[in-house]
Amino acid sequence: PDLAEVLSLHDFEHLANQIMSRKGWAYYSSGADDEITMRENTLAFQRIWFRPRVLRNVKTVDYSTTLLGAKTSMPIYITGTALGKLGHKEGEVLLTRAAGKHDVIQMIPTLASCSLDEMLDAAVPGQTQWLQLYVNANRSLTQKIIEKAETRGVKALFITVDAPQLGRREKDMRMKFDDPGSKVQEKNVVERGQGAARAISSFIDSSLSWEDLAWFKTVTKLPILLKGVQCYEDVLLAIKAGMQGVVLSNHGGRQLEFARSGIEVLVEVVSELKKRNMWPVPNFEIMIDGGVRRASDVLKAVALGATAVGIGRPFLYAMSTYGQEGVEQAMQILKDEFEMNLRLIGAPKLSDIGPEMVDAKSVGLH
Ligand code: FNR
(Lines give C-alpha, C1' and ligand atoms only; values in the text may rest on other atoms or scores of the structure.)
Protein backbone atom coordinates (compact mmCIF):
# COMPACT_ATOMS: atom_id res chain seq x y z
CA PRO A 1 0.00 0.00 0.00
CA ASP A 2 0.83 3.65 -0.36
CA LEU A 3 2.93 4.87 2.55
CA ALA A 4 0.30 7.49 3.36
CA GLU A 5 -2.09 4.66 4.20
CA VAL A 6 0.21 3.41 6.96
CA LEU A 7 -1.37 4.87 10.08
CA SER A 8 0.35 3.22 13.00
CA LEU A 9 3.56 1.45 13.92
CA HIS A 10 1.60 -1.81 14.02
CA ASP A 11 0.87 -1.46 10.29
CA PHE A 12 4.58 -1.71 9.49
CA GLU A 13 4.81 -4.98 11.40
CA HIS A 14 1.91 -6.58 9.50
CA LEU A 15 3.40 -5.50 6.18
CA ALA A 16 6.90 -6.63 7.14
CA ASN A 17 5.60 -10.10 7.95
CA GLN A 18 4.11 -10.26 4.46
CA ILE A 19 7.09 -9.06 2.45
CA MET A 20 10.32 -9.74 4.38
CA SER A 21 12.55 -12.75 3.72
CA ARG A 22 11.69 -15.54 6.15
CA LYS A 23 15.18 -15.29 7.62
CA GLY A 24 14.93 -11.58 8.21
CA TRP A 25 11.46 -11.87 9.70
CA ALA A 26 12.54 -14.74 11.96
CA TYR A 27 15.53 -12.76 13.25
CA TYR A 28 13.65 -9.51 13.87
CA SER A 29 10.37 -10.84 15.20
CA SER A 30 11.55 -13.63 17.46
CA GLY A 31 11.75 -13.65 21.23
CA ALA A 32 13.20 -16.17 23.66
CA ASP A 33 11.54 -19.51 24.42
CA ASP A 34 7.75 -19.16 24.39
CA GLU A 35 7.92 -15.38 23.83
CA ILE A 36 6.03 -14.66 27.02
CA THR A 37 8.31 -11.80 28.08
CA MET A 38 8.18 -10.42 24.55
CA ARG A 39 4.38 -10.30 24.64
CA GLU A 40 4.34 -9.02 28.22
CA ASN A 41 6.36 -5.99 27.11
CA THR A 42 3.38 -4.77 25.10
CA LEU A 43 0.71 -6.09 27.44
CA ALA A 44 2.17 -4.30 30.48
CA PHE A 45 1.57 -0.92 28.80
CA GLN A 46 -1.99 -1.97 28.02
CA ARG A 47 -2.77 -2.34 31.73
CA ILE A 48 -1.79 1.25 32.53
CA TRP A 49 -4.42 3.97 32.23
CA PHE A 50 -4.29 7.75 32.13
CA ARG A 51 -5.73 10.16 34.68
CA PRO A 52 -5.99 13.18 32.40
CA ARG A 53 -6.56 16.74 33.54
CA VAL A 54 -8.84 19.14 31.71
CA LEU A 55 -8.97 22.88 31.06
CA ARG A 56 -5.21 23.29 31.00
CA ASN A 57 -4.73 25.38 27.86
CA VAL A 58 -3.14 22.89 25.51
CA LYS A 59 -3.25 25.13 22.44
CA THR A 60 0.47 24.61 21.97
CA VAL A 61 2.19 21.48 23.20
CA ASP A 62 5.90 20.66 23.31
CA TYR A 63 7.22 17.12 23.42
CA SER A 64 10.88 17.93 22.78
CA THR A 65 13.41 17.06 25.46
CA THR A 66 17.09 16.78 26.38
CA LEU A 67 18.78 13.38 26.71
CA LEU A 68 22.26 13.11 28.21
CA GLY A 69 22.70 16.79 27.42
CA ALA A 70 21.55 16.62 23.80
CA LYS A 71 18.39 18.29 22.60
CA THR A 72 16.04 16.03 20.67
CA SER A 73 12.61 16.27 19.10
CA MET A 74 10.86 13.64 21.24
CA PRO A 75 11.57 11.39 24.23
CA ILE A 76 12.32 8.32 22.13
CA TYR A 77 15.45 6.98 20.44
CA ILE A 78 16.17 4.27 17.91
CA THR A 79 17.63 1.51 20.04
CA GLY A 80 20.53 -0.63 18.85
CA THR A 81 19.43 -3.65 16.84
CA ALA A 82 21.83 -5.89 14.93
CA LEU A 83 21.84 -6.86 11.25
CA GLY A 84 19.93 -4.11 9.46
CA LYS A 85 20.67 -5.63 6.07
CA LEU A 86 18.44 -8.60 6.84
CA GLY A 87 15.60 -6.10 6.40
CA HIS A 88 16.85 -3.75 3.70
CA LYS A 89 19.89 -3.98 1.44
CA GLU A 90 21.16 -0.56 2.53
CA GLY A 91 20.90 -1.35 6.23
CA GLU A 92 21.27 0.95 9.23
CA VAL A 93 22.34 4.07 7.32
CA LEU A 94 18.66 4.43 6.44
CA LEU A 95 17.87 4.68 10.14
CA THR A 96 20.65 7.25 10.54
CA ARG A 97 19.28 9.43 7.73
CA ALA A 98 15.69 9.26 8.93
CA ALA A 99 16.87 10.11 12.45
CA GLY A 100 18.77 13.10 11.06
CA LYS A 101 15.66 14.41 9.31
CA HIS A 102 13.47 14.06 12.41
CA ASP A 103 16.03 15.06 15.02
CA VAL A 104 15.87 11.70 16.75
CA ILE A 105 18.81 10.03 18.51
CA GLN A 106 20.13 6.77 17.07
CA MET A 107 21.90 4.15 19.16
CA ILE A 108 24.39 2.48 16.81
CA PRO A 109 24.66 -1.28 17.40
CA THR A 110 28.03 -3.06 17.68
CA LEU A 111 26.68 -5.72 15.34
CA ALA A 112 25.27 -3.45 12.64
CA SER A 113 25.42 -4.65 9.05
CA CYS A 114 26.84 -1.27 8.02
CA SER A 115 30.27 -0.24 9.27
CA LEU A 116 30.61 2.22 12.12
CA ASP A 117 32.08 4.75 9.68
CA GLU A 118 29.17 4.40 7.28
CA MET A 119 26.67 5.15 10.05
CA LEU A 120 28.72 8.08 11.34
CA ASP A 121 29.16 9.47 7.82
CA ALA A 122 25.42 9.23 7.15
CA ALA A 123 24.67 11.65 9.99
CA VAL A 124 24.04 15.37 9.41
CA PRO A 125 26.15 17.90 11.35
CA GLY A 126 25.02 18.10 14.96
CA GLN A 127 23.06 14.84 14.82
CA THR A 128 23.34 12.85 18.05
CA GLN A 129 24.40 9.21 17.93
CA TRP A 130 25.11 6.82 20.78
CA LEU A 131 26.94 3.49 20.65
CA GLN A 132 25.64 0.17 21.93
CA LEU A 133 28.58 -1.91 23.02
CA TYR A 134 28.97 -5.65 23.23
CA VAL A 135 32.17 -6.22 25.15
CA ASN A 136 34.71 -8.46 23.46
CA ALA A 137 36.76 -10.86 25.57
CA ASN A 138 39.67 -9.25 23.71
CA ARG A 139 39.48 -5.84 25.40
CA SER A 140 41.83 -4.12 23.00
CA LEU A 141 39.28 -4.61 20.20
CA THR A 142 36.56 -3.12 22.39
CA GLN A 143 38.86 -0.24 23.30
CA LYS A 144 39.46 0.51 19.59
CA ILE A 145 35.75 0.73 18.91
CA ILE A 146 35.22 3.03 21.90
CA GLU A 147 38.11 5.31 20.89
CA LYS A 148 36.90 5.57 17.33
CA ALA A 149 33.37 6.36 18.46
CA GLU A 150 34.56 9.03 20.87
CA THR A 151 36.90 10.67 18.36
CA ARG A 152 34.17 10.75 15.76
CA GLY A 153 31.65 12.46 18.02
CA VAL A 154 29.46 9.69 19.42
CA LYS A 155 27.88 11.09 22.60
CA ALA A 156 27.39 8.08 24.93
CA LEU A 157 28.16 4.40 25.40
CA PHE A 158 25.54 1.83 26.30
CA ILE A 159 27.08 -1.41 27.51
CA THR A 160 24.68 -4.29 26.99
CA VAL A 161 24.66 -6.32 30.20
CA ASP A 162 21.80 -8.74 29.62
CA ALA A 163 23.45 -11.00 27.06
CA PRO A 164 26.35 -13.02 28.52
CA GLN A 165 24.80 -15.83 26.51
CA LEU A 166 22.24 -15.46 23.78
CA GLY A 167 18.65 -16.39 24.54
CA ARG A 168 17.00 -19.22 22.60
CA ARG A 169 15.06 -17.63 19.79
CA GLU A 170 13.78 -20.74 18.20
CA LYS A 171 12.25 -19.16 15.10
CA ASP A 172 15.66 -17.72 14.31
CA MET A 173 17.56 -20.87 15.24
CA ARG A 174 15.66 -22.84 12.63
CA MET A 175 17.23 -20.66 9.94
CA LYS A 176 20.80 -20.95 8.70
CA PHE A 177 22.76 -17.73 8.86
CA ASP A 178 24.05 -16.19 5.67
CA ASP A 179 24.17 -12.45 5.39
CA PRO A 180 26.46 -11.71 2.47
CA GLY A 181 25.92 -7.95 2.52
CA SER A 182 26.98 -7.60 6.11
CA LYS A 183 30.06 -5.80 7.41
CA VAL A 184 29.62 -6.88 11.00
CA GLN A 185 32.58 -5.40 12.90
CA GLU A 186 33.23 -8.56 14.82
CA LYS A 187 34.62 -11.04 12.33
CA ASN A 188 34.58 -14.22 14.38
CA VAL A 189 31.27 -15.40 13.06
CA VAL A 190 30.75 -19.08 13.85
CA GLU A 191 27.95 -21.63 14.14
CA ARG A 192 26.18 -20.73 10.93
CA GLY A 193 23.72 -23.58 11.38
CA GLN A 194 21.92 -22.00 14.36
CA GLY A 195 20.44 -18.76 13.16
CA ALA A 196 21.65 -15.20 12.87
CA ALA A 197 21.87 -14.40 16.58
CA ARG A 198 24.19 -17.26 17.49
CA ALA A 199 26.34 -16.74 14.44
CA ILE A 200 27.29 -13.18 15.36
CA SER A 201 27.46 -13.17 19.13
CA SER A 202 30.10 -15.70 20.12
CA PHE A 203 32.73 -13.04 20.94
CA ILE A 204 30.74 -11.53 23.83
CA ASP A 205 32.61 -11.77 27.14
CA SER A 206 30.48 -13.68 29.63
CA SER A 207 33.01 -13.01 32.42
CA LEU A 208 32.13 -9.28 32.45
CA SER A 209 31.41 -8.06 35.99
CA TRP A 210 30.87 -4.91 38.06
CA GLU A 211 34.65 -4.72 38.71
CA ASP A 212 35.26 -4.25 34.98
CA LEU A 213 33.31 -1.00 34.80
CA ALA A 214 36.20 1.01 36.24
CA TRP A 215 38.30 0.04 33.20
CA PHE A 216 35.78 1.60 30.80
CA LYS A 217 36.07 4.86 32.68
CA THR A 218 39.83 4.84 32.16
CA VAL A 219 39.52 4.49 28.38
CA THR A 220 36.78 7.05 27.69
CA LYS A 221 35.33 10.31 28.93
CA LEU A 222 31.95 9.52 27.38
CA PRO A 223 28.95 8.96 29.61
CA ILE A 224 28.50 5.22 30.17
CA LEU A 225 25.09 3.62 30.69
CA LEU A 226 24.13 0.00 31.28
CA LYS A 227 21.54 -1.47 28.93
CA GLY A 228 19.54 -4.40 30.23
CA VAL A 229 19.28 -3.74 33.98
CA GLN A 230 16.25 -5.47 35.50
CA CYS A 231 15.94 -4.68 39.22
CA TYR A 232 16.56 -1.79 41.63
CA GLU A 233 19.51 -3.49 43.33
CA ASP A 234 21.49 -3.29 40.09
CA VAL A 235 20.44 0.33 39.57
CA LEU A 236 21.96 1.13 42.98
CA LEU A 237 25.17 -0.63 41.92
CA ALA A 238 25.20 1.29 38.63
CA ILE A 239 24.94 4.58 40.51
CA LYS A 240 27.74 3.50 42.83
CA ALA A 241 29.89 2.50 39.86
CA GLY A 242 29.61 6.04 38.49
CA MET A 243 27.45 5.18 35.49
CA GLN A 244 25.37 7.95 33.90
CA GLY A 245 22.28 5.85 33.62
CA VAL A 246 20.58 2.58 32.85
CA VAL A 247 18.17 1.20 30.32
CA LEU A 248 15.62 -0.99 32.09
CA SER A 249 15.19 -3.57 29.38
CA ASN A 250 14.80 -7.26 28.70
CA HIS A 251 16.25 -6.97 25.20
CA GLY A 252 12.84 -7.02 23.55
CA GLY A 253 12.04 -10.37 25.17
CA ARG A 254 14.93 -12.01 23.36
CA GLN A 255 17.06 -12.93 26.37
CA LEU A 256 15.77 -14.19 29.73
CA GLU A 257 12.26 -15.57 29.39
CA PHE A 258 10.17 -14.39 32.38
CA ALA A 259 12.18 -11.23 32.76
CA ARG A 260 9.71 -8.47 33.68
CA SER A 261 8.77 -5.63 31.38
CA GLY A 262 10.83 -2.44 31.56
CA ILE A 263 7.83 -0.37 32.65
CA GLU A 264 7.19 -2.64 35.63
CA VAL A 265 10.85 -2.52 36.65
CA LEU A 266 10.75 1.28 36.32
CA VAL A 267 8.03 1.52 38.95
CA GLU A 268 10.07 -0.66 41.31
CA VAL A 269 13.26 1.33 40.72
CA VAL A 270 11.73 4.77 41.21
CA SER A 271 9.87 3.72 44.33
CA GLU A 272 13.02 2.20 45.91
CA LEU A 273 15.03 5.33 45.07
CA LYS A 274 12.33 7.52 46.60
CA LYS A 275 12.36 5.40 49.76
CA ARG A 276 16.08 6.13 50.05
CA ASN A 277 15.67 9.86 49.30
CA MET A 278 17.75 9.35 46.18
CA TRP A 279 15.17 10.50 43.62
CA PRO A 280 15.81 12.17 41.24
CA VAL A 281 19.37 10.90 40.89
CA PRO A 282 21.70 13.71 39.74
CA ASN A 283 23.47 13.08 36.40
CA PHE A 284 21.79 9.73 36.01
CA GLU A 285 19.08 8.93 33.49
CA ILE A 286 16.69 6.04 33.60
CA MET A 287 15.44 4.88 30.21
CA ILE A 288 13.41 1.85 29.31
CA ASP A 289 12.70 -0.14 26.16
CA GLY A 290 10.59 -3.05 24.99
CA GLY A 291 7.14 -3.26 23.44
CA VAL A 292 6.69 0.46 22.80
CA ARG A 293 4.37 0.93 19.84
CA ARG A 294 2.54 4.21 20.55
CA ALA A 295 3.43 7.63 21.91
CA SER A 296 0.95 6.87 24.71
CA ASP A 297 3.28 4.05 25.85
CA VAL A 298 6.15 6.53 25.92
CA LEU A 299 4.14 9.06 27.93
CA LYS A 300 3.29 6.40 30.52
CA ALA A 301 7.02 5.73 30.96
CA VAL A 302 7.80 9.46 31.18
CA ALA A 303 5.04 9.89 33.76
CA LEU A 304 6.64 7.14 35.83
CA GLY A 305 10.12 8.66 35.71
CA ALA A 306 11.87 7.59 32.49
CA THR A 307 13.69 10.29 30.53
CA ALA A 308 13.30 8.38 27.28
CA VAL A 309 12.20 5.17 25.71
CA GLY A 310 13.98 3.06 23.11
CA ILE A 311 12.12 1.66 20.11
CA GLY A 312 13.51 -1.32 18.21
CA ARG A 313 11.40 -3.53 16.00
CA PRO A 314 8.94 -0.90 14.70
CA PHE A 315 11.77 1.07 13.07
CA LEU A 316 13.25 -2.14 11.63
CA TYR A 317 9.90 -3.05 10.12
CA ALA A 318 9.42 0.46 8.75
CA MET A 319 12.89 0.27 7.18
CA SER A 320 12.27 -3.21 5.78
CA THR A 321 9.02 -2.22 4.11
CA TYR A 322 9.55 1.34 2.88
CA GLY A 323 13.23 2.10 3.48
CA GLN A 324 14.21 5.52 4.81
CA GLU A 325 10.80 7.01 3.99
CA GLY A 326 9.13 4.34 6.06
CA VAL A 327 11.27 5.18 9.06
CA GLU A 328 10.52 8.88 8.58
CA GLN A 329 6.81 8.08 8.41
CA ALA A 330 7.08 6.04 11.63
CA MET A 331 8.68 9.05 13.32
CA GLN A 332 6.02 11.42 11.99
CA ILE A 333 3.29 9.08 13.27
CA LEU A 334 4.88 9.18 16.71
CA LYS A 335 5.11 12.99 16.62
CA ASP A 336 1.43 13.28 15.70
CA GLU A 337 0.55 10.86 18.49
CA PHE A 338 2.61 12.85 21.00
CA GLU A 339 0.85 16.06 20.08
CA MET A 340 -2.63 14.60 20.37
CA ASN A 341 -1.92 12.67 23.55
CA LEU A 342 -0.39 15.62 25.36
CA ARG A 343 -3.49 17.68 24.55
CA LEU A 344 -5.88 14.98 25.68
CA ILE A 345 -3.91 14.26 28.84
CA GLY A 346 -3.81 17.96 29.67
CA ALA A 347 -0.03 18.34 29.73
CA PRO A 348 1.35 21.16 27.54
CA LYS A 349 4.90 19.86 27.98
CA LEU A 350 6.61 16.66 29.10
CA SER A 351 7.59 18.08 32.48
CA ASP A 352 3.88 18.56 33.24
CA ILE A 353 3.35 14.78 33.32
CA GLY A 354 3.90 12.94 36.60
CA PRO A 355 2.88 9.70 38.27
CA GLU A 356 -0.43 11.27 39.36
CA MET A 357 -1.46 11.28 35.69
CA VAL A 358 -1.41 7.51 35.34
CA ASP A 359 -3.19 4.66 37.05
CA ALA A 360 -0.38 2.12 37.18
CA LYS A 361 -1.59 -0.17 39.97
CA SER A 362 -1.17 -3.13 37.63
CA VAL A 363 2.59 -2.58 37.58
CA GLY A 364 2.91 -1.91 41.29
CA LEU A 365 2.45 1.86 41.63
CA HIS A 366 0.68 2.67 44.88
C1 FNR B 1 17.82 -6.29 19.41
N2 FNR B 1 18.33 -5.79 20.60
C3 FNR B 1 19.70 -5.64 20.74
N4 FNR B 1 20.21 -5.10 21.88
C5 FNR B 1 21.53 -4.94 22.03
O6 FNR B 1 21.96 -4.43 23.06
N7 FNR B 1 22.39 -5.31 21.03
C8 FNR B 1 21.95 -5.87 19.87
O9 FNR B 1 22.74 -6.20 18.98
C10 FNR B 1 20.56 -6.05 19.71
N11 FNR B 1 20.06 -6.59 18.56
C12 FNR B 1 18.71 -6.69 18.39
C13 FNR B 1 18.22 -7.19 17.19
C14 FNR B 1 16.84 -7.24 16.97
C15 FNR B 1 16.32 -7.71 15.66
C16 FNR B 1 15.95 -6.82 17.99
C17 FNR B 1 14.46 -6.86 17.78
C18 FNR B 1 16.44 -6.36 19.19
C19 FNR B 1 17.43 -5.33 21.68
C20 FNR B 1 17.01 -3.89 21.45
O21 FNR B 1 18.05 -2.98 21.66
C22 FNR B 1 15.86 -3.49 22.40
O23 FNR B 1 16.17 -3.84 23.72
C24 FNR B 1 14.54 -4.12 21.98
O25 FNR B 1 14.46 -4.21 20.59
C26 FNR B 1 13.37 -3.31 22.48
O27 FNR B 1 12.17 -3.94 22.20
P28 FNR B 1 11.24 -3.62 20.92
O29 FNR B 1 11.15 -2.11 20.78
O30 FNR B 1 11.88 -4.28 19.75
O31 FNR B 1 9.96 -4.23 21.32
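Shown above is the structure to which this text applies.
Residues numbered from 1 in each chain as written. Predicted model: local features only at pLDDT ≥ 70, side-chain atom pairs only at ≥ 80, totals over all residues.

Peer 1: Just to check I follow, could you spell out the sheet that holds strand β7 (residues 157-160) for this structure?
Peer 2: By way of backbone hydrogen bonds, the strands of a sheet pair with one another, either parallel or antiparallel. Spatially, eight strands are ordered β4-β5-β6-β7-β8-β9-β10-β11 in a closed barrel, and the strand pairing comes out parallel. Taken over all neighbouring pairs, the strand axes of this sheet differ in orientation by 30° on average, direction set aside. Pairing of strand β10 (residues 285-289) with strand β11 (residues 308-311), which is carried by three bridges, proceeds in the parallel orientation. Paired with D289 across the strands is G310, a residue of β11. (Pairing = 2+ DSSP bridges. Helix = DSSP H or I, 4+ residues; strand = E, 2+ residues; numbered from the N terminus. Axes fitted to C-alpha atoms, helices over the stretch in contact; angles between N-to-C directions.)

Peer 1: Can you walk me through unusual backbone geometry in this structure?
Peer 2: Excluding glycine, a negative phi dihedral is what most residues carry, and trans is how most peptide bonds are arranged. Of note, the bond from W279 into P280 is cis; its omega dihedral lies within 30 degrees of zero at -5°. With respect to the element layout, P280 can be found in the loop between α11 (262-275) and β10. A positive phi angle, close to 45°, is found at N57, a residue other than glycine. Relative to the helices and strands, N57 resides in the loop between β1 (49-50) and β2 (65-67).

Peer 1: Mind showing me how you'd approach the site of the ligand here?
Peer 2: Taken together, 25 residues sit near the ligand, with A82, T160, G252, G312 and R313 positioned nearest. Along the lines of polarity and charge, the residues of the shell around the ligand split into eight nonpolar, 13 polar and four charged. (Near = placed C-beta within 6 Å. Nonpolar A, V, L, I, M, F, W, Y, C, P; charged D, E, K, R; others polar.)

Peer 1: Just to check I follow, could you spell out the environment of V270 for this structure?
Peer 2: When you line up the elements, V270 lands in helix α11. Remark: the alpha-carbon pair of V270 and G153, spanning 117 residues in sequence, is separated by 32 Å. Residues in contact with V270, not counting those within four places in the same chain, are W279, L304 and G305. (Contact = placed C-beta atoms within 7 Å.)

Peer 1: Just to check I follow, could you spell out helix α12 (residues 295-303) for this structure?
Peer 2: Within an α-helix, residues lying three or four positions from one another point in the same direction, as the helix has 3.6 residues per turn. Counting buried residues along α12, eight of its nine residues qualify, which places the element largely inside the surrounding structure. Within the span of α12, buried status applies to A295, D297, V298, L299, K300, A301, V302 and A303. Backbone geometry just after α12 places G305 at a positive phi near 120°. (Buried ≥ 20, exposed ≤ 12 C-beta atoms within 10 Å, placed from the backbone.)

Peer 1: Even after reading the chapter, I still don't get the packing of helix α4 (residues 93-102) against helix α13 (residues 313-345), so can you show me in this structure?
Peer 2: For any two helices packed against each other, the geometry is given by the interaxial angle and the distance between the axes. Following both chains from N to C, one finds α4 and α13 inclined at 15°, their axes separated by 8 Å at the closest point. Regarding the angle of α4 to α13, the classification is roughly parallel. The handedness of the crossing between α4 and α13 comes out as left-handed. Where α4 abuts α13, its residues L94, L95, R97, A98, K101 and H102 lie against F315, M319, G323, Q324, V327, E328 and M331. Residues of the contact of α4 with α13, tallied by class, amount to seven nonpolar, three polar and three charged. (Parallel < 35°, antiparallel > 145°, perpendicular 65-115°, else oblique. Left-handed = near helix turned anticlockwise from the far one by under 90°.)

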